[in-house]
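Fold and geometry: a report
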Amino acid sequence: MNLEPIVQLTVHNKRFGNSLVLDNVSFEIGSGEIVSLVGPSGCGKSTLLRIVAGLDTDFRGRIRFLHNGEEVDGNVGFVFQEPRLLPWLTVAQNVGFGSDHPEADRPRILALLEEVGLGDAADKLPKELSGGMAQRAAIARGLFAPAPGGNAGAEQGSAQRILLLDEPFSAVDAFTRIKLQDLLIHLARVHHLTLLVVTHDVDEAAYLSDRVLVLGSNPGRILHANHVALARPRDRRDPALTQVRNDLLEVLSQSHAI
Ligand SMILES: Nc1ncnc2c1ncn2[C@@H]1O[C@H](COP(=O)(O)OP(=O)(O)OP(=O)(O)O)[C@@H](O)[C@H]1O
Ligand SMILES: [Mg+2]
């Protein structure tokens, strides 16, 4: 796949105190591409996402967001492992949180909720939602709102949206997870989103991704990039997917052994 790059990430190094967490991690992400990050716990996956989101600027390196070859401000949304909805706000208010014009934005918020299957839940409180519903609301918020780091590009409307997801489905049951994975792929296609997804689940990585980056730890670095050149929609029982998953497990088991 030869896609126009919309993110170029170069992290020469990232330290917390004396500890080197990321060492020479560089990659590009193409427009509309779905990239997963897998690797052992503590290898720096969440740190990397926070750097891309602009939530952590204390590293040596550079991040460039591109649009038609020109450098632009990032237009980044973030979906966390747990939904992080504010309990005193309705679902619609949570999705539109941070909007300067919540009333004017309400039709767009309701349309997003409809898309994620929460058309009837706009005025419910988070405590009235199941875990899967809450994570759908978090995805709608990730589509609507800029990441908390404040990326001005969302206002400009020029840069393409990149959605960063940090183990987004790890707290839901297997059946809900499958439905949310398919929802995410659908939304990515309809909204022409670019996705960077952290997951511990190699099946999820293989099924979702155009490319899987395997990170090793101490310090975090890219060990392996696996292109998943399988047409969509994909069949979860496709032996080719099983092969991708087995290849990933092989690299991961080596990375744990280091
Ligand atoms: N704010 C922080 N201060 C100090 N050290 C941190 C901080 N955040 C992360 N670390 C350390 O940086 C390393 C990478 O953490 P990170 O959360 O990025 O790992 P991860 O790959 O996301 O792990 P997991 O799969 O368990 O979520 C870990 O050793 C962690 O202890
Ligand atoms: Mg993490």
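Our subject is the structure that appears above.
Report on the accompanying structure. Computed from a predicted structure; not experimentally measured. Residues take numbers from 1 onward in each chain, read along the sequence in its written order. For this description, chains carry letters from A and ligands carry numbers from 1, given in the order in which they are written. Local features in a predicted model are, by the rule used here, given only for residues with pLDDT of at least 70; side-chain atom pairs are given and counted only at 80 or more, and totals for whole chains, interfaces and linings are based on all residues. With hydrogens and water set aside, each side-chain value is computed from the structure's full complement of heavy atoms.

1. Brief notes about the overall build of the protein
- A count of helical and extended segments in the protein gives eight helices and 10 strands.
- A globule of 258 residues ought to have a C-alpha radius of gyration of about 18 Å, and the protein, at 18 Å, matches this closely.
- Over its C-alpha atoms, taken along the principal directions, the protein stretches across nearly 50 × 40 × 35 Å.
- Summary of the burial criterion: residues with accessible area below 20% of their type's maximum are buried, those above 50% are exposed, and those between are partly exposed, where the area comes from a 1.4 Å probe applied to protein chains only. The 258 residues of the protein split such that 51% are buried.
- Using a 1.4 Å probe, accessible areas were evaluated by the Shrake-Rupley method; residue-level cover was limited to the displayed protein chains. Here the protein displays about 12,200 Å² of accessible surface, and carbon together with sulfur accounts for 49% of that area. Put simply, DSSP marks the helices as runs of H or I at least four residues long and the strands as runs of E at least two long, and each gets a number from the N terminus on. As defined in this context, the radius of gyration uses C-alpha atoms, and a globule is described by 2.2 Å times the residue total to the power 0.38.

2. Examining helix α1 (residues 45-53)
- Burial analysis of α1 places seven of its nine residues in the buried class, which makes it a mostly covered element.
- The set of residues buried in α1 consists of K45, T47, L48, L49, I51, V52 and A53.
- A positive phi of about 80° marks G54, the residue just after α1.

3. A word on the sheet that holds strand β8 (residues 194-198)
- Strand pairing is defined by DSSP finding a minimum of two bridges between the two strands. The strand order across the open sheet formed by six strands is β6-β7-β8-β3-β9-β10, and the pairing between neighbours is mixed. Pairing within the sheet leaves two strands with one partner each, and these edge strands are β6 (76-79) and β10 (221-227). With strand direction ignored, the average angle separating the axes of adjacent strands in the sheet is 20°.
- Inspection of the sheet shows strand β3 (residues 34-38) paired to strand β9 (residues 211-216) by four bridges, in the parallel sense. By the bridge assignment for β9, S36 is matched with V212.
- Residues count as neighbours in contact if any of their non-hydrogen atoms are within 4.5 Å of one another. Fitted lines through C-alpha atoms give the axes, limited to the stretch in contact for helices. The angle between two N-to-C directions lies from 0 to 180 degrees. Sheet strands in contact with α1 are β3, β6, β7 (162-166), β8 and β9, and its direction is about 155° off that of β7.
- Across the face of the sheet, helix α4 (residues 131-144) comes into contact with β6 and β7 while running at roughly 165° to β6.

4. Thoughts on the packing of α4 against helix α6 (residues 174-190)
- Closest axis-to-axis distance for the α4/α6 pair is 11 Å, and the angle between their directions is 15°. In terms of axis orientation, α4 runs roughly parallel to α6. The two elements α4 and α6 cross, and the hand of that crossing is right-handed. Facing α4, whose interface residues are G132, Q135, R136, I139 and L143, α6 presents T176, K179, L180, L183 and L187.
- Under the grouping applied here, Gly and all other residues not named as nonpolar or charged are polar, the nonpolar ones being Ala, Val, Leu, Ile, Met, Phe, Trp, Tyr, Cys and Pro and the charged ones Asp, Glu, Lys and Arg. Split by residue class, the contact of α4 with α6 holds five nonpolar, three polar and two charged. Should an angle lie under 35 degrees it is considered roughly parallel, over 145 roughly antiparallel, and from 65 to 115 roughly perpendicular; all remaining angles are considered oblique. In this scheme the handedness of a crossing depends on how the near helix is turned from the far one: anticlockwise by less than a right angle means left-handed, clockwise means right-handed.

5. Comments concerning the site of ligand 1
- Ligand 1 sits among F16, V21, P40, S41, G42, C43, G44, K45, S46, T47, E167 and H200.
- The side chain of S41 places a nitrogen or oxygen atom 2.5 Å from an oxygen atom of ligand 1.
- Separating an oxygen atom of ligand 1 from a side-chain N or O atom of T47 is a distance of 2.5 Å.
- Taking 640 Å² as the accessible area of ligand 1 by itself, protein coverage stands at 55%.
- Top element by residues in the shell around ligand 1 is α1. It accounts for three residues. Residues are classed as near a molecule or strand on a simple rule: at least one heavy atom within 4 Å of it. By the criterion applied in these results, polar contacts are pairs of N or O atoms within 3.5 Å in which, for protein atoms, one can donate a hydrogen and the other can accept it, and in which residues neighboring in sequence qualify only through two side-chain atoms.

Remember that the coordinates give geometry; whether it matters functionally is a separate question.
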